[in-house]
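A look at the structure
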Amino acid sequence: MLNGRFRGQIVGSGTSVWQFSEAIRAGKMSLSDLAEAEACMSRSAGHCMTMGTASTMASMVESLGVCLAD
């Protein structure tokens, strides 16, 4: 998945989400700004840029032998 852009900054689904949630808690960002930022994060099909869950699940299904054949 490609990273997105929000107000000139590169944003992704990993670190950016945590930064935005902290900005909300600190009163530096509104909920409408968060909704706009979330809409900018994922600009292509695919799995999360962080790859935590995606890598784990891909390894698991391969080891179980239940992944699709190439």
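Think of each chain on its own: its residues are numbered from 1, step by step along the sequence as written. Local features in this predicted model are restricted to residues of pLDDT 70 or higher, and side-chain atom pairs are both shown and tallied only at a pLDDT of 80 or more, whereas totals for entire chains, interfaces and linings draw on every residue. Heavy atoms from the whole structure form the basis of all side-chain values; hydrogens and water molecules are not counted.

**Structural notes on the overall build of the protein**
Under the scheme used here, helices are H or I runs from DSSP no shorter than 4 residues and strands are E runs no shorter than 2 residues, and both carry numbers assigned from the N terminus. Of the regular secondary structure elements, the protein holds three helices and two strands. Partly exposed residues are those whose accessible area sits between 20% and 50% of the maximum for their type, while under 20% is buried and over 50% is exposed, using a 1.4 Å probe and protein chains only. Each of the 70 residues in the protein was classed as buried or not, and the buried ones make up 17%. Two residues form a contact once any of their heavy atoms are found within 4.5 Å. Counting only contacts in the protein whose residues sit at least 6 apart along the sequence, the fraction spanning at least 24 positions is 62%. Carbon and sulfur atoms make up 58% of the accessible area of the protein, which amounts to about 5,300 Å² in all. Here the open area of atoms and residues is found with the Shrake-Rupley method and a 1.4 Å probe, where only the protein chains shown may cover a residue.

**Things to note about the nonpolar core**
Definition used in this section: a nonpolar core is a set of buried Ala, Val, Leu, Ile, Met, Phe, Trp, Tyr and Cys residues joined via side-chain atoms within 4.5 Å. The biggest cluster of nonpolar side chains holds seven residues, and these are Phe6, Val11, Phe20, Ala23, Met29, Ala37 and Met41. At the level of elements, helix H1 (15–25) and helix H2 (31–41) are the ones that each hand at least two residues to this core. Discounting chain neighbours no more than four positions away, the residues touching Ala23 are Lys28 and Met29.

**Structural notes on the side chain of Ser16**
Relative to the assigned elements, Ser16 resides in helix H1. Exposure remark for Ser16: the relative accessible area of 6% places this residue in the buried category. Not counting residues within four places of it along the chain, the set of residues in contact with Ser16 comprises Ile10, Val11 and Met41.

**Focus: H1**
For H1, the complete set of buried residues consists of Ser16, Phe20 and Ala23. Seen end-on, H1 carries its buried residues on one side only, within an arc spanning 60 degrees. Opposite the buried face of H1, at more than 90 degrees from it, the exposed residues are Thr15, Trp18 and Arg25. Of the surrounding secondary structure, the elements contacted by the buried residues of H1 are strand E1 (4–6), strand E2 (9–11) and H2. Remark: Gly27 follows H1 within two positions and exhibits a positive phi of approximately 80 degrees. An arc is given here, and it is the one of the directions from the helix axis to the C-beta atoms.

**Examining a nonpolar patch on the surface**
A surface patch of nonpolar side chains, about 390 Å² in accessible area, is lined by Met57, Met60, Leu64 and Val66. As for its placement among the helices and strands, Met57 is situated in helix H3 (residues 52–64). In this structure Met57 comes out as partly exposed when scored by relative accessible area, which is 39%. Note on patches: the residues involved have over 30% relative accessible area and no salt bridge, like charges join within 9 Å, and the nonpolar side chains Val, Leu, Ile, Met, Phe, Trp and Tyr join within 5 Å. The term salt bridge refers to a pairing of a side-chain nitrogen on Lys or Arg with a carboxyl oxygen on Asp or Glu at a separation within 4 Å.

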